[in-house]
Amino acid sequence: LSARLLDGRDLARRLAPALRTRVAALPRPPGLAVVLVGEDPASAVYVERKHERAERLGFHQATIRLPVDTPQGALEALIDELNVDPRIDGVLVQLPLPSQIDAGAVLGRILPEKDVDGFHVVNTGRLSQGLAALVPCTPLGVMRLIADAGLPLAGCDALVVGRSNIVGRPMAMLLEQAHATVTLAHSRTRNLEDHVRRADLVVAAVGRPDHIRGAWIKPGAVVIDVGINRLADGSLVGDVEFGPAAARAGAITPVPGGVGPMTIAMLMENTVTAAERRQGLAR
Ligand code: NDP
């Protein structure tokens, strides 16, 4: 391993004191509501982590667990309640949702100023125009990791693999706003290898183990692995073939312990930002 490890757990820990200071300056604690529909085990773990972190930071919080067969109307009624609850600053609906639910309609029902996941079209639109917005937590966390490591983005060739609304698309927008020259690759991209070989920065958000081969990485490149894939033996790996990639890269995120902890840290930060805005503390 020659690459520098970008440790998301460590950075998340280092960001906590500044967040506590912001929480302490609020007239009332920030409020976060997390809604989980069904019993998907991975989602249950993520929701539990969010709950624990919010509790440790002294948030007012509610974790609402609904049965897997919850109808659309009931979920929307819950969102409406949370939207008008004065103690709640942030509403998050854990994805994926069961198939009877129209996820777009649910996410679109959350008040944009409480949309701490940043998935509402208003926040997406504001982000795309470079206006103040609640920004999706995973790409925001990636930007923080890159900034903390002091890695220059202006003018660099950045490749984002994956174009979901949750990760890849907002990631590409943020990198472009930081003046990178961005390529956004997806399942129809031809010759992914050639794109990777040219890139100074690779962000992989595909959801396929070892999809990005280590030998493709340009020597010295920065590699951010968003992927979380569980193998048959129970272990977690990313989308990048870690060992060979780490031998060539200048810096790389581990899986786990890279992007994942930053996603939760940014959710906490977005909730505080939403609380500050809603309580009249401009930011
Ligand atoms: P999606 O399944 O929504 O998107 C996957 C993207 O990968 C799509 O844009 C798809 O292209 C693209 N893709 C699929 N196959 C290929 C291929 N062969 N070559 C190039 N691109 C391909 O996933 P998400 O964006 O939600 O998540 C991606 C990964 O990140 C997952 O492993 C997920 O678990 C993880 N994740 C991790 C988080 C964290 O905190 N660390 C947070 C969120 C997600 P197309 O659009 O053409 O179908």
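Residues numbered from 1 in each chain as written. Predicted model: local features only at pLDDT ≥ 70, side-chain atom pairs only at ≥ 80, totals over all residues. Heavy atoms only, no water.

Some details on the pattern of salt bridges
Note the cut-off: Any carboxyl oxygen of Asp or Glu within 4 Å of a side-chain nitrogen of Lys or Arg constitutes a salt bridge here. Helix and strand assignments come from DSSP, with helices taken as H or I runs of at least 4 residues and strands as E runs of at least 2, each series counted from the N terminus. Remark: exposure states derive from per-residue accessible area (1.4 Å probe, protein chains only) relative to the maximum for the residue type, with buried under 20%, exposed over 50%, and partly exposed in between.
Within this structure, the stated rule accounts for 13 salt bridges. The closest approach of N and O atoms between Arg14 and Asp148, which form a salt bridge, is 2.8 Å. Taken together, the residues span a long stretch of sequence, with Arg14 in helix H1 (residues 8-24) and Asp148 in helix H6 (residues 137-148) at a distance of 134 residues. Accessibility expressed as a relative area gives 44% for Arg14, which makes it partly exposed. Judged by relative accessible area, Asp148 falls into the partly exposed class, the value being 39%.

Comments concerning the pairing of strand E2 (residues 31-37)
For clarity, the cut-off: Note on pairing: two strands pair once DSSP finds at least 2 bridges between them.
With seven of its seven residues buried, E2 lies for the most part within the structure. In E2, alternate side chains face the same way, and those of Gly31, Ala33, Val35 and Val37 on one face and Leu32, Val34 and Leu36 on the other are all buried. The pairing of E2 with strand E3 (residues 60-66) spans seven bridges and is classified as parallel. Within E3, the residue paired with Gly31 across the bridge is His60. With four bridges joining them, E2 and strand E4 (residues 90-93) adopt parallel strand pairing.

Observations concerning unusual backbone geometry
The omega torsion of the bond from Leu95 to Pro96 falls at 0°, within 30 degrees of zero and hence cis. Among the secondary structure elements, Pro96 is positioned in the loop between E4 and helix H4 (103-109). Cis geometry is adopted by the peptide bond preceding Pro256, which originates at Val255 and carries an omega value of -5°. Position of Pro256 among the secondary structure elements: in the loop between strand E11 (251-252) and helix H10 (259-278). The backbone of Asn191 sits at a positive phi, close to 50°, despite the residue not being glycine. Note on placement: Asn191 falls in the loop between strand E6 (181-185) and helix H8 (192-198).

Looking at the environment of Ala77
Examined against the element boundaries, Ala77 turns out to sit in helix H3 (residues 72-84). By relative accessible area, which is 39% here, Ala77 ends up partly exposed. Distance from Ala77 to Ser43, taken between C-alpha atoms, is 22 Å for residues 34 residues apart in sequence.

Topic: the site of the ligand
As a reminder, the rule being used: Note on definitions. A residue lies near a molecule or strand when any single heavy atom of the residue is within 4 Å of it. For the purposes of these results, a polar contact is taken to be a pair of N or O atoms within 3.5 Å, where, inside protein, one atom must be able to donate a hydrogen and its partner to accept one; residues adjacent in sequence count only when each atom of the pair is a side-chain atom. Accessible surface is estimated by sampling points in the Shrake-Rupley manner with a 1.4 Å probe; for residues, cover comes only from the protein chains shown. Classes in brief: Ala, Val, Leu, Ile, Met, Phe, Trp, Tyr, Cys and Pro nonpolar; Asp, Glu, Lys and Arg charged; the others, Gly included, polar.
Of all residues adjacent to the ligand, which total 19 residues, the nearest are Arg163, Ser164, Ser187, Ile228 and Thr263. The contact in question runs from an oxygen atom of the ligand to an N or O atom on the side chain of Ser187, over 2.5 Å. In this structure, His211 approaches the ligand through a side-chain N or O atom, which is 3.1 Å from a nitrogen atom. Surface burial for the ligand is 70%, taken as the share of its 930 Å² of free accessible area covered by protein chains. Among the elements that take part in the shell around the ligand, H10 stands out by supplying three residues, more than any other. Each residue belonging to the shell around the ligand can be placed in one class, and the counts come to seven nonpolar, ten polar and two charged.

So yeah, pure geometry; function would need other evidence.
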